[in-house]
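Geometric and topological summary
One-letter residues, chain by chain:
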Amino acid sequence: MLTDLLGFPPQVLFGQLLLGLINGAFYAVLSLGLAVIFGLLNIVNFAHGALYMLGAFSAWGLATFLGLNYWAALIVAPVLVGGFGMLIERFLLRRLAGVDHLYGLLLTFGLALVIEGVFIKLFGASGQPYPTPKALTGGINLGFMFLPWYRGWVVVASLIACGVTWYIFERTKIGAYLRAGTENPKLLQAFGVNVPLLTTLAYGYGVGLAAFAGVLAAPITQVSPLMGSNLIIVVFAVVVIGGMGSIMGAVVTGLGMGLIEGLTKVYWPEASATVIFFVMAIVLVLRPAGLFGRTA
Amino acid sequence: MKTLKTLALGASTLAMAASASAEISDGVVKIGLLTDMSGTYSDLAGPGAVEAAKMAIEDIGGTVAGVPVELVTADHQNKADIAANKAREWGENEQVDAFAELVTTSTAMAVFEIAKQQNKVVLVSGAASSPLTNDACIPSGIHYTYSTTALANGTGKAVVAEGGDTWYFLTADYAFGQALEADVTKVVEAAGGKVLGSIRHPFPASDFSSFVLQAQGSGAKVIGLANAGADTTNAIKAANEFGLVAAGQSLAALLMFITDVHALGLETAQGIQLTTGFYWDMDDETRAWSEKFMERTGSMPSMVQAGVYSSVSFYLKAIEATGSDDTDTVMEWMRDRPIDDFFAKGGVIRSDGRMVHDMYLARVKSPAESKGPWDYYDIVRTIPGEEAYGTLEESTCPTK
């Protein structure tokens, strides 16, 4: 009834909501990585989009040069890119520990520009095609829309990644160490825990999540050097809305923003690139720490 | 003031003594090339367009009418304000005589404004919108390579003729997308077809699934993609993924470059019909030039890049022939004679700035049909210039 009033039959709306959820799953994994990094390292990781792109390119490179298939890439690419992330943390970001956030932001932003620039030089801006894995081609007719198997898989894989992350950080001993490390690193060190190593691992894990999202995206969009910069700003808005550093907030807001964006694409497509920032502005006015953020 | 004049006189006498370049201002011909060097259009224009302009300058010997030719380039990042500021700076402080390339309509429009004030030549290759030679035309602007009108009269007409009489558009929400949608709508309606609706999507957009789903729901036989570059390739990928074509609707990629086909791969791109102003594998001349280009850049030229070479060459020939870089003199020379090179055979620059030349309707080959790298198109039909671009009478350019 309501949907008819708004001018669209329920089927169209269901389809758009489902697509919104699928895109939201991407936002969730990406913003989760950002939240982990910010929560534990206090670094606003502007290189996240470039690292997401590196994940997709790794999948493409592994397939093209080594013949590794999609499923292998889903594991290998995040490990490779995560390792690269750990090098960045160990040799660059660590030097900025204790100085203003702004320096970390500038460094990672610069890194993103360098990485993207190098890839444009090497591969061009139009990017490379990456095929959908054989087992996930085709789809199913849900009555209100045709759902490609691959998109369904994206939601499942993203939720698994979010679940695993939540489990690691909230339910395991290493998670407890990490959380303790953000509260009082000196005290934790005094207990004999190697805090710098923990920090490096945490950054690597956040970066690995970005790369994982990149591999998930590879069959959907062109594997292009610009794929990350188009997405990263939206993901930052998601993190800000959810509350910087909140794991739960990142996941829930990611999915929620996907839905809101999906609805906007139906009712006012021109505004679909802006709607998330509109929400962000409102949230910042009403709850400056974000929906799930804890005020200090 | 008097001293200044005397100085200027002295300087020009010196210049004359050095060469026969009496009418070349400041002893150098300077071309300012503005393009997208790193963004979504950088493969179809970008560094390749710069290389094409360099080739044009080298092929004429690096000098015209006894003075050196210089090329300056800048990345306009597809932003009109950057393009306008750079053009103004070049025109005022660096004695640039002509602006070239200009992919993205908004940047071309912005540079038209500056060029009108400064009375400089503009050789547009990358931007597509037909208003550049209609309402927005300027006396010294040339729209060289293609236009949304030609794309509509090429692909649009061909698709309607094959029975695609109901349309729905996915349109990039800026000047170019809107111009292309308007031009194709005219062609579709003139042929008795109907446009059922359109979606204006943000530029650039990364996910097209939602727009594709809405297009699917429209029930139109043809989904027209009034966008370009990565937007087009991503829309095609989403349409394939969501079974749009399998369910009986067809896709019309209204603007597609060879670099887009290359990026998509033939497996996905096969069967797509498109309109192009140039294809490398047409005859010995196009192959010879394109292979030279390939050696320097690593990829075959898009029509935009080939158009940059042709337009810059023709401009330099005009200076060589008239011995002057005065805008009005050069424009008059260029309008008075046909362009005859590998790119445009018998091309004519009309008084509204339109360069009228034959266009080609092409179909993308299947992987089995393609005999080697970059063997992508079957040329289905040559569209005579007048049919593609319409007549001068139809142009709404006030200064035609």
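Residues numbered from 1 in each chain as written. Chains lettered and ligands numbered in written order. Predicted model: local features only at pLDDT ≥ 70, side-chain atom pairs only at ≥ 80, totals over all residues. Heavy atoms only, no water.

A look at the sheet that holds strand β13 (residues 345-349) of chain B
Across a sheet, strands are paired by hydrogen bonds formed along the backbone, either parallel or antiparallel in direction. All names here are of chain B. If you walk across this open sheet you meet the three strands as β12-β13-β14, and the pairing is antiparallel. The sheet is open, and its two borders are formed by β12 (339-340) and β14 (355-356), each paired with just one other strand. Pairing of β13 with β14 involves two bridges; the strand directions are antiparallel. Directly across from Val348, in β14, lies its bridge partner Val356. (Pairing = 2+ DSSP bridges. Helix = DSSP H or I, 4+ residues; strand = E, 2+ residues; numbered from the N terminus.)

Section: the pairing of strand β10 (residues 250-253) of chain B
All names here are of chain B. Pairing analysis gives four bridges linking strand β9 (residues 222-226) to β10, with the strands arranged parallel. Paired with Gly224 across the bridge in β10 is Ala252. With helix α8 (residues 229-241) bridging β9 and the parallel β10, this β-α-β connection has right-handed handedness. (Right-handed = clockwise from strand over helix to strand, strands pointing away.)

Describing the packing of aromatic side chains
Scanning the model with the defined rule gives 31 aromatic pairs over all chains in all. Look at Tyr174 of chain B and Phe176 of chain B: their rings are 5.8 Å apart centre to centre, the planes differ by 50°, and that puts the pair in the tilted class. By way of ring pairs, the aromatic residues Tyr144, Phe278, Trp289, Phe293, Tyr309, Phe342 and Phe343 of chain B are connected into one cluster. Looking at Arg90 of chain A, its charged tip hangs above the ring of Phe91 of chain A, at a distance of 5.4 Å from the centre. Across the ring face of Phe211 of chain B, the terminal group of Lys265 of chain A is positioned such that the distance to the ring centre comes to 5.5 Å. (Phe/Tyr/Trp six-rings, centres within 6.5 Å; stacked < 30°, edge-to-face > 60°. Lys NZ or Arg CZ within 6 Å of the ring centre and 35° of its normal.)

Looking at the interface of chain A and chain B
Reports of interface size often rely on the accessible area that becomes lost once the parts have come together. Contacts between chain A and chain B engage 31 residues on the former and 27 residues on the latter. Roughly 2400 Å² of surface becomes buried between chain A and chain B when both sides are summed, with 53% attributable to carbon and sulfur atoms. A per-residue breakdown of the area chain A buries against chain B is headed by Ser126, Gln222 and Lys265 of chain A, which together make up 21% of the total. Linking chain A with chain B are three salt bridges. A salt bridge links Arg151 of chain A to Glu241 of chain B; the nearest nitrogen and oxygen atoms lie 2.8 Å apart. For the pair chain A and chain B, the number of links is 11 residue pairs in polar contact (both at pLDDT 80 or more). Taken together, the elements giving at least two residues each to the side of chain A that touches chain B come down to α2 (10-41), β2 (146-148), α6 (149-171), α10 (227-242) and α11 (247-267) of chain A. Class assignment of the residues belonging to the side of chain A that touches chain B gives a composition of 17 nonpolar, 11 polar and three charged. (Contact = heavy atoms within 4.5 Å. Buried area = accessible area lost by both parts, 1.4 Å probe. Salt bridge = Lys/Arg side-chain N within 4 Å of Asp/Glu carboxyl O. Polar contact = N/O pair within 3.5 Å; in protein donor to acceptor, adjacent residues only side chain to side chain. Nonpolar A, V, L, I, M, F, W, Y, C, P; charged D, E, K, R; others polar.)

Looking at the domain arrangement of chain B
Residues and elements named next belong to chain B. The domain architecture assigned to chain B consists of domain 1 (26-146 + 282-357) and domain 2 (149-276 + 359-389). Look at where the C-alpha atoms of domain 1 and domain 2 centre, and you get two points 27 Å apart. At the junction of the two partners, domain 1 supplies 25 residues and domain 2 supplies 24 residues. For the pair domain 1 and domain 2, the two sides together bury roughly 2000 Å², of which 72% comes from carbon and sulfur. Interface area lost by domain 1 to domain 2 is led by Tyr41, Tyr146 and Met303, which between them contribute 23%. Remark: the boundary between domain 1 and domain 2 carries zero salt bridges. (Domains from an automatic or database assignment.)

A word on empty space enclosed by the protein
All names here are of chain B. In the structure shown here, the tally under the stated rule is two cavities of 30 Å³ or more. For the largest cavity, the calculated volume is near 90 Å³. In terms of lining, the largest cavity is formed by 14 residues, of which the most central are Tyr41, Thr104, Gly126, Tyr146 and Tyr174. A class-by-class count of the residues in the lining of the largest cavity yields 11 nonpolar, three polar and no charged. Viewed by domain, the lining of the largest cavity spans two of them, domain 1 (26-146 + 282-357) and domain 2 (149-276 + 359-389), each represented by three or more residues. Around the second largest cavity, the lining residues are Phe257, Ile258, Thr276, Phe278, Tyr279, Pro301, Ser302, Met303 and Tyr377. Within the lining of the second largest cavity, the residues separate by chemical class into seven nonpolar, two polar and no charged. Counting only domains with at least three residues in the lining of the second largest cavity, you end up with domain 1 (26-146 + 282-357) and domain 2 (149-276 + 359-389). (1 Å grid on protein atoms, 1.4 Å probe; cavity = no way out; pocket = protein on both sides within 12 Å on 5 of 7 lines; lining within 4 Å. Points joined across faces, edges and corners; volume = space filled by probe spheres on them.)

Some thoughts on the side chain of Arg151 of chain A
As for its position among the elements, Arg151 of chain A is in helix α6. On the accessibility criterion, Arg151 of chain A (2% relative accessible area) is buried. For Arg151 of chain A, the contacting residues outside a window of four places in its chain are Ile22 and Ile220 of chain A together with Asp207, Ser209, Glu241 and Phe242 of chain B. (Buried < 20%, exposed > 50% of the residue type's maximum accessible area, 1.4 Å probe, protein only.)

Overview of helix α9 (residues 195-217) of chain A
All names here are of chain A. Taking 1.5 Å of rise per residue, the 23 residues of α9 would be expected to cover 33 Å, and the 33 Å separating its terminal C-alpha atoms lies within 8% of that figure. Within α9, 18 of the 23 residues are buried, which leaves the element mostly enclosed by the surrounding structure. Two or three places before Leu197, at the opening of α9, Asn194 has a side-chain oxygen 3.3 Å from that residue's backbone nitrogen. (Expected span 1.5 Å × (residues − 1).)

Quick word on the confidence of the model for chain B
Detailed reading of the predicted model is not advised wherever pLDDT is low. Taken residue by residue, chain B gives an average pLDDT of 92. The fraction at 70 or more is 94%. Low confidence marks residues 13-21 of chain B, where pLDDT is under 50. Its contacts with residues over four positions away, or in another chain, come to seven contacts. (pLDDT = per-residue confidence, 0-100.)

Things to note about the environment of Pro131 of chain A
Residue and element names in this part refer to chain A. Among the secondary structure elements, Pro131 is positioned in the loop between α5 (101-123) and β1 (139-141). Judged by relative accessible area, Pro131 falls into the exposed class, the value being 60%. The spatial distance from the C-alpha of Pro131 to the C-alpha of Gly262 is 25 Å, given a sequence separation of 131 residues.

With respect to the environment of Ala239 of chain B
All names here are of chain B. Its location among the elements puts Ala239 in helix α8. What makes Ala239 buried here is its relative accessible area of 1%. Along the backbone, Ala239 and Phe211 are 28 residues apart, and their C-alpha atoms lie at a distance of 9.4 Å. Once residues within four sequence positions are removed from consideration, Ala239 is found in contact with Val212, Leu244, Val245 and Leu251.

Topic: the packing of helix α3 (residues 48-66) of chain A against helix α4 (residues 70-91) of chain A
Residue and element names in this part refer to chain A. Viewed as axis vectors pointing N to C, α3 and α4 meet at an angle of 135°, and their least axial separation amounts to 9 Å. Between α3 and α4, the crossing angle belongs to the class labelled oblique. In the crossing of α3 with α4, the sense of the turn from one axis to the other is right-handed. The segment α3 lies against α4, with Leu51, Leu54, Gly55, Ser58, Ala59 and Leu62 engaging Ala73, Val76, Ala77, Leu80, Val81, Phe84 and Ile88. The residue inventory of the contact of α3 with α4, partitioned by class, reads 11 nonpolar, two polar and no charged. (Axes fitted to C-alpha atoms, helices over the stretch in contact; angles between N-to-C directions. Parallel < 35°, antiparallel > 145°, perpendicular 65-115°, else oblique. Left-handed = near helix turned anticlockwise from the far one by under 90°.)

Quick notes on the state of the cysteines
All names here are of chain B. Across all of its chains, the model carries one disulfide over all chains by this definition. Between Cys137 and Cys397 runs a disulfide, and the two sulfur atoms are separated by 1.9 Å. Looking along the S-S bond of the Cys137-Cys397 disulfide, the torsion reads about 70°, which is the right-handed sense. One end of the pair, Cys137, is in the loop between β5 (121-124) and β6 (141-143); the other, Cys397, is in the segment after α14 (385-389), and 260 residues separate them in sequence. Like Cys137, the residue Cys397 is buried in the burial classification. (Disulfide = S-S within 2.5 Å.)

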